[in-house]
Amino acid sequence: MGDNCSRIFNVSDTVVNTLHIVMQSHANPLGILHGGNMIRWLVDAGTLAASKVVVGYPLLAGIDFIYLGKPVGVGETIAVFAWSPYAGRSSVEVGLAAYSLGRPGGRGLERVSAAHMTFVNVKPHEGVLRPHPHGSCIEAVDREEERLLEASMKMREARVERLRGRELLRQTVYSLRESGTEPFEVESYRIVNPVDSVAYDVMHAGAMLYIVDELGAVAALRSSAGIVVTGFVGPADFVAPMRVGEVLRMWARTSYVGRSSVEVLIRSASGFMGGGEARLTSEAYLTYISLDSSGRPLEIKAPRGWEPEEQALKRAEWRRRLIRSIDSGETALEPPRRFLEMLMRGRVG
(Lines give C-alpha, C1' and ligand atoms only; values in the text may rest on other atoms or scores of the structure.)
Protein backbone atom coordinates (compact mmCIF):
# COMPACT_ATOMS: atom_id res chain seq x y z
CA MET A 1 0.00 0.00 0.00
CA GLY A 2 1.29 3.45 -0.87
CA ASP A 3 1.59 6.57 1.27
CA ASN A 4 -1.36 8.19 -0.56
CA CYS A 5 -3.92 5.76 0.86
CA SER A 6 -6.38 7.61 3.08
CA ARG A 7 -8.70 4.57 2.95
CA ILE A 8 -7.75 0.90 2.57
CA PHE A 9 -10.28 -1.74 1.50
CA ASN A 10 -10.19 -5.50 1.07
CA VAL A 11 -11.77 -6.68 -2.17
CA SER A 12 -14.65 -8.12 -0.15
CA ASP A 13 -15.30 -4.70 1.40
CA THR A 14 -16.26 -3.37 -2.03
CA VAL A 15 -18.80 -6.09 -2.96
CA VAL A 16 -22.28 -4.86 -3.91
CA ASN A 17 -25.31 -7.10 -4.57
CA THR A 18 -28.53 -6.00 -6.27
CA LEU A 19 -31.64 -8.09 -6.93
CA HIS A 20 -34.09 -7.78 -9.82
CA ILE A 21 -37.28 -9.62 -10.77
CA VAL A 22 -37.65 -9.96 -14.54
CA MET A 23 -41.06 -8.60 -15.49
CA GLN A 24 -42.93 -8.49 -18.79
CA SER A 25 -41.82 -4.88 -19.24
CA HIS A 26 -38.17 -6.07 -19.18
CA ALA A 27 -38.65 -8.67 -21.93
CA ASN A 28 -38.05 -8.73 -25.69
CA PRO A 29 -40.44 -10.25 -28.28
CA LEU A 30 -39.19 -13.76 -27.40
CA GLY A 31 -40.19 -13.29 -23.76
CA ILE A 32 -36.60 -13.19 -22.48
CA LEU A 33 -34.79 -10.36 -20.71
CA HIS A 34 -34.00 -7.45 -23.05
CA GLY A 35 -30.22 -7.02 -23.26
CA GLY A 36 -30.45 -3.29 -22.58
CA ASN A 37 -32.04 -3.97 -19.19
CA MET A 38 -29.33 -6.43 -18.15
CA ILE A 39 -26.65 -3.98 -19.32
CA ARG A 40 -28.18 -1.20 -17.25
CA TRP A 41 -28.42 -3.41 -14.15
CA LEU A 42 -24.75 -4.32 -14.52
CA VAL A 43 -23.66 -0.68 -14.98
CA ASP A 44 -25.74 0.41 -11.99
CA ALA A 45 -24.16 -2.27 -9.76
CA GLY A 46 -20.70 -1.38 -11.05
CA THR A 47 -21.31 2.28 -10.28
CA LEU A 48 -22.31 1.37 -6.71
CA ALA A 49 -19.19 -0.75 -6.16
CA ALA A 50 -16.92 2.00 -7.53
CA SER A 51 -18.74 4.62 -5.44
CA LYS A 52 -17.83 2.68 -2.30
CA VAL A 53 -14.17 3.13 -3.21
CA VAL A 54 -14.21 6.78 -4.32
CA VAL A 55 -16.85 7.79 -1.71
CA GLY A 56 -18.77 9.72 -4.35
CA TYR A 57 -20.36 9.33 -7.78
CA PRO A 58 -17.89 7.94 -10.36
CA LEU A 59 -18.35 8.06 -14.13
CA LEU A 60 -18.04 5.01 -16.37
CA ALA A 61 -14.88 5.42 -18.45
CA GLY A 62 -14.83 2.15 -20.34
CA ILE A 63 -16.27 -1.34 -20.72
CA ASP A 64 -13.76 -4.08 -21.44
CA PHE A 65 -16.64 -6.48 -22.04
CA ILE A 66 -20.12 -7.53 -21.04
CA TYR A 67 -20.83 -11.18 -21.83
CA LEU A 68 -24.53 -12.05 -21.87
CA GLY A 69 -24.05 -15.79 -21.79
CA LYS A 70 -27.49 -17.26 -21.14
CA PRO A 71 -31.08 -16.13 -21.71
CA VAL A 72 -33.24 -15.17 -18.74
CA GLY A 73 -37.01 -15.55 -18.74
CA VAL A 74 -39.83 -13.50 -17.29
CA GLY A 75 -40.43 -14.38 -13.64
CA GLU A 76 -36.81 -15.20 -12.85
CA THR A 77 -34.86 -13.39 -10.13
CA ILE A 78 -31.47 -11.94 -11.07
CA ALA A 79 -28.73 -11.28 -8.53
CA VAL A 80 -25.99 -8.91 -9.77
CA PHE A 81 -22.67 -8.82 -7.91
CA ALA A 82 -20.01 -6.15 -8.42
CA TRP A 83 -16.61 -5.79 -6.75
CA SER A 84 -13.43 -3.77 -7.13
CA PRO A 85 -10.06 -5.59 -7.01
CA TYR A 86 -7.89 -2.58 -7.91
CA ALA A 87 -7.91 1.21 -7.59
CA GLY A 88 -5.62 3.56 -9.49
CA ARG A 89 -5.00 7.22 -8.69
CA SER A 90 -8.44 8.33 -9.89
CA SER A 91 -9.74 5.12 -11.50
CA VAL A 92 -11.43 2.00 -10.17
CA GLU A 93 -11.52 -1.43 -11.85
CA VAL A 94 -14.80 -3.33 -11.36
CA GLY A 95 -15.66 -6.96 -12.06
CA LEU A 96 -19.26 -8.14 -12.29
CA ALA A 97 -21.30 -11.32 -12.48
CA ALA A 98 -25.06 -11.83 -12.74
CA TYR A 99 -26.84 -14.98 -11.59
CA SER A 100 -30.30 -16.32 -12.14
CA LEU A 101 -31.96 -17.74 -9.06
CA GLY A 102 -34.64 -19.10 -11.37
CA ARG A 103 -38.34 -19.04 -10.64
CA PRO A 104 -39.60 -20.07 -7.19
CA GLY A 105 -39.18 -23.83 -6.99
CA GLY A 106 -37.13 -23.86 -10.20
CA ARG A 107 -33.44 -24.32 -10.96
CA GLY A 108 -30.75 -23.15 -8.56
CA LEU A 109 -28.07 -20.52 -8.90
CA GLU A 110 -26.70 -20.14 -12.45
CA ARG A 111 -24.35 -17.48 -13.81
CA VAL A 112 -25.91 -15.79 -16.84
CA SER A 113 -23.62 -12.80 -17.41
CA ALA A 114 -20.13 -11.49 -16.61
CA ALA A 115 -18.46 -8.13 -17.17
CA HIS A 116 -15.47 -5.92 -16.48
CA MET A 117 -15.49 -2.11 -16.44
CA THR A 118 -13.45 0.86 -15.32
CA PHE A 119 -14.76 3.96 -13.59
CA VAL A 120 -13.15 7.33 -12.87
CA ASN A 121 -13.59 9.68 -9.94
CA VAL A 122 -14.30 13.25 -11.09
CA LYS A 123 -14.66 16.72 -9.65
CA PRO A 124 -15.87 19.95 -11.33
CA HIS A 125 -13.05 22.38 -12.16
CA GLU A 126 -13.93 25.69 -13.81
CA GLY A 127 -17.14 24.18 -15.12
CA VAL A 128 -15.47 21.04 -16.51
CA LEU A 129 -15.46 17.56 -14.95
CA ARG A 130 -11.90 16.32 -14.55
CA PRO A 131 -10.35 13.15 -13.06
CA HIS A 132 -9.65 13.61 -9.36
CA PRO A 133 -7.59 11.44 -6.95
CA HIS A 134 -9.84 9.47 -4.61
CA GLY A 135 -7.25 8.46 -2.00
CA SER A 136 -8.41 4.84 -1.70
CA CYS A 137 -6.37 1.64 -1.99
CA ILE A 138 -7.50 -1.98 -2.28
CA GLU A 139 -5.63 -5.07 -1.11
CA ALA A 140 -6.25 -8.76 -1.72
CA VAL A 141 -6.17 -10.71 1.54
CA ASP A 142 -6.54 -14.31 0.33
CA ARG A 143 -6.06 -16.46 -2.77
CA GLU A 144 -9.66 -15.93 -3.91
CA GLU A 145 -9.24 -12.16 -3.87
CA GLU A 146 -5.80 -12.46 -5.51
CA ARG A 147 -7.38 -14.29 -8.49
CA LEU A 148 -9.90 -11.47 -8.90
CA LEU A 149 -7.03 -8.96 -8.84
CA GLU A 150 -5.07 -10.95 -11.43
CA ALA A 151 -8.05 -11.08 -13.79
CA SER A 152 -8.65 -7.37 -13.36
CA MET A 153 -5.01 -6.46 -14.06
CA LYS A 154 -5.06 -8.51 -17.27
CA MET A 155 -8.04 -6.47 -18.44
CA ARG A 156 -6.29 -3.25 -17.46
CA GLU A 157 -3.11 -4.19 -19.35
CA ALA A 158 -5.06 -5.18 -22.46
CA ARG A 159 -6.82 -1.82 -22.37
CA VAL A 160 -3.59 0.20 -22.66
CA GLU A 161 -3.42 -0.16 -26.44
CA ARG A 162 -7.00 0.97 -26.82
CA LEU A 163 -6.51 4.00 -24.57
CA ARG A 164 -3.82 5.34 -26.89
CA GLY A 165 -6.54 6.06 -29.40
CA ARG A 166 -8.81 7.89 -26.96
CA GLU A 167 -7.05 11.23 -27.40
CA LEU A 168 -7.74 11.04 -31.13
CA LEU A 169 -11.38 10.27 -30.38
CA ARG A 170 -11.61 13.29 -28.08
CA GLN A 171 -10.49 15.54 -30.93
CA THR A 172 -13.22 14.32 -33.29
CA VAL A 173 -15.89 16.94 -33.98
CA TYR A 174 -19.25 16.24 -35.62
CA SER A 175 -22.06 18.44 -36.88
CA LEU A 176 -25.47 18.22 -35.25
CA ARG A 177 -27.18 19.37 -38.44
CA GLU A 178 -25.37 17.83 -41.41
CA SER A 179 -24.85 14.19 -42.35
CA GLY A 180 -21.39 12.78 -41.71
CA THR A 181 -19.08 11.29 -44.33
CA GLU A 182 -18.83 7.85 -42.69
CA PRO A 183 -21.06 5.04 -44.03
CA PHE A 184 -23.36 4.62 -41.03
CA GLU A 185 -26.62 2.74 -41.61
CA VAL A 186 -28.85 3.95 -38.77
CA GLU A 187 -28.99 7.36 -37.09
CA SER A 188 -30.90 8.68 -34.09
CA TYR A 189 -31.22 11.86 -32.03
CA ARG A 190 -32.20 12.40 -28.41
CA ILE A 191 -32.23 15.29 -25.95
CA VAL A 192 -30.48 14.52 -22.65
CA ASN A 193 -33.05 15.19 -19.91
CA PRO A 194 -32.73 15.41 -16.11
CA VAL A 195 -34.36 11.94 -15.81
CA ASP A 196 -31.25 10.52 -17.55
CA SER A 197 -28.88 11.99 -14.95
CA VAL A 198 -27.77 10.91 -11.48
CA ALA A 199 -25.22 13.62 -10.61
CA TYR A 200 -23.21 16.48 -12.10
CA ASP A 201 -26.02 17.05 -14.67
CA VAL A 202 -24.49 14.41 -16.97
CA MET A 203 -26.17 11.39 -18.54
CA HIS A 204 -25.87 8.18 -16.52
CA ALA A 205 -23.99 5.53 -18.53
CA GLY A 206 -26.66 2.90 -17.86
CA ALA A 207 -29.33 5.10 -19.46
CA MET A 208 -27.01 5.80 -22.39
CA LEU A 209 -26.22 2.13 -23.01
CA TYR A 210 -29.88 1.13 -23.05
CA ILE A 211 -30.39 3.51 -25.99
CA VAL A 212 -27.16 2.36 -27.66
CA ASP A 213 -28.26 -1.27 -27.38
CA GLU A 214 -31.59 -0.56 -29.10
CA LEU A 215 -30.01 1.47 -31.91
CA GLY A 216 -27.44 -1.26 -32.49
CA ALA A 217 -30.21 -3.86 -32.68
CA VAL A 218 -31.93 -1.84 -35.42
CA ALA A 219 -28.69 -1.86 -37.43
CA ALA A 220 -28.21 -5.61 -36.80
CA LEU A 221 -31.72 -6.36 -38.03
CA ARG A 222 -30.70 -5.15 -41.48
CA SER A 223 -28.56 -8.30 -41.71
CA SER A 224 -30.94 -10.74 -39.99
CA ALA A 225 -34.18 -12.27 -41.20
CA GLY A 226 -35.20 -13.05 -37.61
CA ILE A 227 -34.97 -11.49 -34.15
CA VAL A 228 -31.67 -10.25 -32.71
CA VAL A 229 -30.60 -10.40 -29.06
CA THR A 230 -27.53 -8.84 -27.47
CA GLY A 231 -24.78 -11.37 -26.84
CA PHE A 232 -21.70 -9.27 -26.12
CA VAL A 233 -20.70 -5.66 -25.47
CA GLY A 234 -17.17 -4.40 -25.87
CA PRO A 235 -14.91 -2.81 -26.13
CA ALA A 236 -16.68 0.47 -25.33
CA ASP A 237 -15.16 3.81 -24.39
CA PHE A 238 -16.76 6.93 -22.92
CA VAL A 239 -14.51 9.81 -23.88
CA ALA A 240 -16.61 12.78 -22.69
CA PRO A 241 -19.73 13.22 -20.54
CA MET A 242 -23.13 14.02 -22.10
CA ARG A 243 -24.69 16.99 -20.33
CA VAL A 244 -28.33 17.63 -19.54
CA GLY A 245 -29.84 19.86 -22.21
CA GLU A 246 -27.49 18.69 -24.96
CA VAL A 247 -28.60 16.94 -28.13
CA LEU A 248 -27.24 13.41 -28.40
CA ARG A 249 -26.62 12.18 -31.94
CA MET A 250 -25.92 8.49 -32.51
CA TRP A 251 -24.85 6.44 -35.51
CA ALA A 252 -24.66 2.66 -35.97
CA ARG A 253 -23.25 0.44 -38.71
CA THR A 254 -22.42 -3.23 -39.22
CA SER A 255 -18.72 -3.91 -38.68
CA TYR A 256 -18.63 -7.74 -38.76
CA VAL A 257 -20.96 -10.55 -39.86
CA GLY A 258 -20.47 -14.08 -38.53
CA ARG A 259 -22.47 -17.24 -39.13
CA SER A 260 -25.34 -16.17 -36.85
CA SER A 261 -23.93 -13.02 -35.25
CA VAL A 262 -23.55 -9.37 -36.22
CA GLU A 263 -21.11 -6.90 -34.67
CA VAL A 264 -22.28 -3.28 -34.77
CA LEU A 265 -20.22 -0.13 -34.18
CA ILE A 266 -22.17 2.66 -32.45
CA ARG A 267 -20.76 6.15 -32.04
CA SER A 268 -22.36 9.07 -30.25
CA ALA A 269 -21.68 12.79 -30.11
CA SER A 270 -23.34 15.49 -28.06
CA GLY A 271 -23.54 19.26 -28.03
CA PHE A 272 -25.94 22.17 -27.78
CA MET A 273 -27.97 22.61 -30.95
CA GLY A 274 -27.33 26.35 -31.01
CA GLY A 275 -23.62 25.73 -31.46
CA GLY A 276 -24.11 23.26 -34.30
CA GLU A 277 -21.03 21.21 -33.37
CA ALA A 278 -20.80 18.09 -31.23
CA ARG A 279 -17.85 16.37 -29.60
CA LEU A 280 -17.53 12.59 -29.76
CA THR A 281 -18.74 11.15 -26.45
CA SER A 282 -18.65 7.37 -26.87
CA GLU A 283 -17.69 4.52 -29.17
CA ALA A 284 -18.94 0.98 -28.59
CA TYR A 285 -19.01 -2.40 -30.31
CA LEU A 286 -22.03 -4.61 -29.61
CA THR A 287 -22.53 -8.14 -30.94
CA TYR A 288 -26.02 -9.46 -31.60
CA ILE A 289 -27.16 -13.04 -32.16
CA SER A 290 -29.75 -13.74 -34.86
CA LEU A 291 -32.57 -16.06 -33.70
CA ASP A 292 -35.68 -17.53 -35.29
CA SER A 293 -39.12 -17.33 -33.68
CA SER A 294 -38.31 -20.44 -31.58
CA GLY A 295 -35.15 -18.89 -30.17
CA ARG A 296 -32.72 -21.00 -32.22
CA PRO A 297 -29.68 -19.42 -33.92
CA LEU A 298 -30.52 -18.27 -37.43
CA GLU A 299 -27.82 -18.17 -40.10
CA ILE A 300 -26.98 -14.76 -41.54
CA LYS A 301 -25.96 -14.11 -45.11
CA ALA A 302 -23.39 -11.35 -45.43
CA PRO A 303 -24.11 -8.72 -48.10
CA ARG A 304 -22.68 -9.58 -51.51
CA GLY A 305 -19.13 -8.35 -51.87
CA TRP A 306 -18.86 -7.47 -48.17
CA GLU A 307 -15.48 -8.12 -46.54
CA PRO A 308 -14.73 -7.52 -42.83
CA GLU A 309 -11.85 -5.28 -41.84
CA GLU A 310 -8.77 -6.87 -40.27
CA GLN A 311 -9.52 -5.27 -36.89
CA ALA A 312 -13.05 -6.74 -36.95
CA LEU A 313 -11.61 -10.23 -37.46
CA LYS A 314 -9.22 -9.66 -34.55
CA ARG A 315 -12.10 -8.55 -32.29
CA ALA A 316 -14.12 -11.64 -33.25
CA GLU A 317 -11.21 -13.92 -32.33
CA TRP A 318 -10.66 -11.98 -29.09
CA ARG A 319 -14.34 -12.45 -28.17
CA ARG A 320 -14.16 -16.20 -28.79
CA ARG A 321 -11.04 -16.60 -26.64
CA LEU A 322 -12.45 -14.48 -23.82
CA ILE A 323 -15.78 -16.33 -23.76
CA ARG A 324 -13.98 -19.69 -23.60
CA SER A 325 -11.82 -18.36 -20.77
CA ILE A 326 -14.85 -17.14 -18.79
CA ASP A 327 -16.92 -20.28 -19.34
CA SER A 328 -14.02 -22.52 -18.32
CA GLY A 329 -13.30 -20.50 -15.17
CA GLU A 330 -9.79 -19.63 -16.33
CA THR A 331 -10.68 -15.93 -16.00
CA ALA A 332 -11.90 -15.34 -12.44
CA LEU A 333 -15.15 -13.40 -12.66
CA GLU A 334 -17.19 -14.46 -9.66
CA PRO A 335 -17.51 -12.72 -6.30
CA PRO A 336 -15.91 -14.29 -3.23
CA ARG A 337 -17.73 -17.57 -2.65
CA ARG A 338 -19.13 -16.67 0.74
CA PHE A 339 -21.34 -13.97 -0.84
CA LEU A 340 -22.96 -16.55 -3.11
CA GLU A 341 -23.40 -18.89 -0.15
CA MET A 342 -25.08 -16.14 1.89
CA LEU A 343 -27.38 -15.40 -1.06
CA MET A 344 -28.47 -19.04 -1.31
CA ARG A 345 -28.87 -19.42 2.47
CA GLY A 346 -31.17 -16.41 2.44
CA ARG A 347 -33.14 -17.90 -0.44
CA VAL A 348 -33.53 -21.26 1.27
CA GLY A 349 -34.45 -19.58 4.55
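For the structure itself, look to the data block above.
Criteria and cut-off values
Residues numbered from 1 in each chain as written. Predicted model: local features only at pLDDT ≥ 70, side-chain atom pairs only at ≥ 80, totals over all residues. Heavy atoms only, no water. Helix = DSSP H or I, 4+ residues; strand = E, 2+ residues; numbered from the N terminus. Buried < 20%, exposed > 50% of the residue type's maximum accessible area, 1.4 Å probe, protein only. Contact = heavy atoms within 4.5 Å. Areas by Shrake-Rupley, 256 points an atom, 1.4 Å probe, with all protein chains shown as cover. Disulfide = S-S within 2.5 Å. Salt bridge = Lys/Arg side-chain N within 4 Å of Asp/Glu carboxyl O. Expected span 1.5 Å × (residues − 1). Polar contact = N/O pair within 3.5 Å; in protein donor to acceptor, adjacent residues only side chain to side chain.

Draft legend 1. Up close: the overall build of the protein chain. A tally of regular secondary structure across the protein chain gives six helices and 15 strands. Across the 349 residues of the protein chain, 54% fall into the buried class. The contacts of the protein chain with a sequence gap of at least 6 include a subset with a gap of at least 24, amounting to 76%. Total accessible area computed for the protein chain in this model is approximately 16,200 Å², and 51% of it derives from carbon and sulfur atoms.

Draft legend 2. Up close: the state of the cysteines. All chains considered together, the criterion is met by one disulfide. Cys5 shares a disulfide with Cys137; S-S distance 1.8 Å. Here Cys5 and Cys137 share a disulfide; its torsion about the S-S bond, -80°, makes the bridge left-handed. Taken together, the residues span a long stretch of sequence, with Cys5 in the segment before β1 (7-10) and Cys137 in strand β9 (residues 136-139) at a distance of 132 residues.

Draft legend 3. Examining unusual backbone geometry more closely. Residue Pro235 follows Gly234 across a cis peptide bond; omega there is -5°. With respect to the helices and strands, the residue Pro235 is situated in strand β12 (residues 227-238). Of note in the backbone geometry, Val55 takes a positive phi value of approximately 55° without being a glycine. Looking at the element boundaries, Val55 is found in the loop between α1 (35-54) and β3 (59-68). A relative accessible area of 55% places Val55 in the exposed class. Non-glycine residue Asp201 carries a positive phi angle of around 55°.

Draft legend 4. How the structure looks around the side chain of Ser91. Residue placement: Ser91 occurs in strand β5 (residues 91-102). For Ser91, a relative accessible area of 15% translates into the label buried. With residues up to four places along the chain from it excluded, the contact list for Ser91 reads Thr118, Phe119, Val120, His134 and Arg156.

Draft legend 5. Examining the pattern of salt bridges more closely. A full pass over the atoms with the stated rule returns 19 salt bridges. Between Arg222 and Glu185 there is a salt bridge, with the nearest N and O atoms lying 4.0 Å from each other. Here the residue Arg222 occupies a position in the loop between α4 (205-221) and β12, and Glu185 occupies one in the loop between β10 (173-175) and β11 (186-191), the gap between them amounting to 37 residues. Judged by its relative accessible area of 59%, Arg222 falls in the exposed class. You can call Glu185 partly exposed: its relative accessible area is 34%. Ionic contacts of the salt-bridge type, sharing partners, join the residues Asp64, Glu93, Arg156 and Arg159 into one network.

Draft legend 6. Main features of α1. In this model, α1 (20 residues) spans 28 Å end to end at C-alpha, consistent with the 28 Å of a helix rising 1.5 Å per residue. Residue Val55 follows α1 closely and has a positive phi angle near 55°.

Draft legend 7. A look at the side chain of Thr47. With respect to the helices, strands and loops of the structure, Thr47 is situated in helix α1. A distance of 2.8 Å separates a polar atom in the side chain of Thr47 from the backbone oxygen of Val43. Excluding residues that lie within four positions of it along the chain, Thr47 makes contacts with Tyr57, Pro58, Phe119 and His204.

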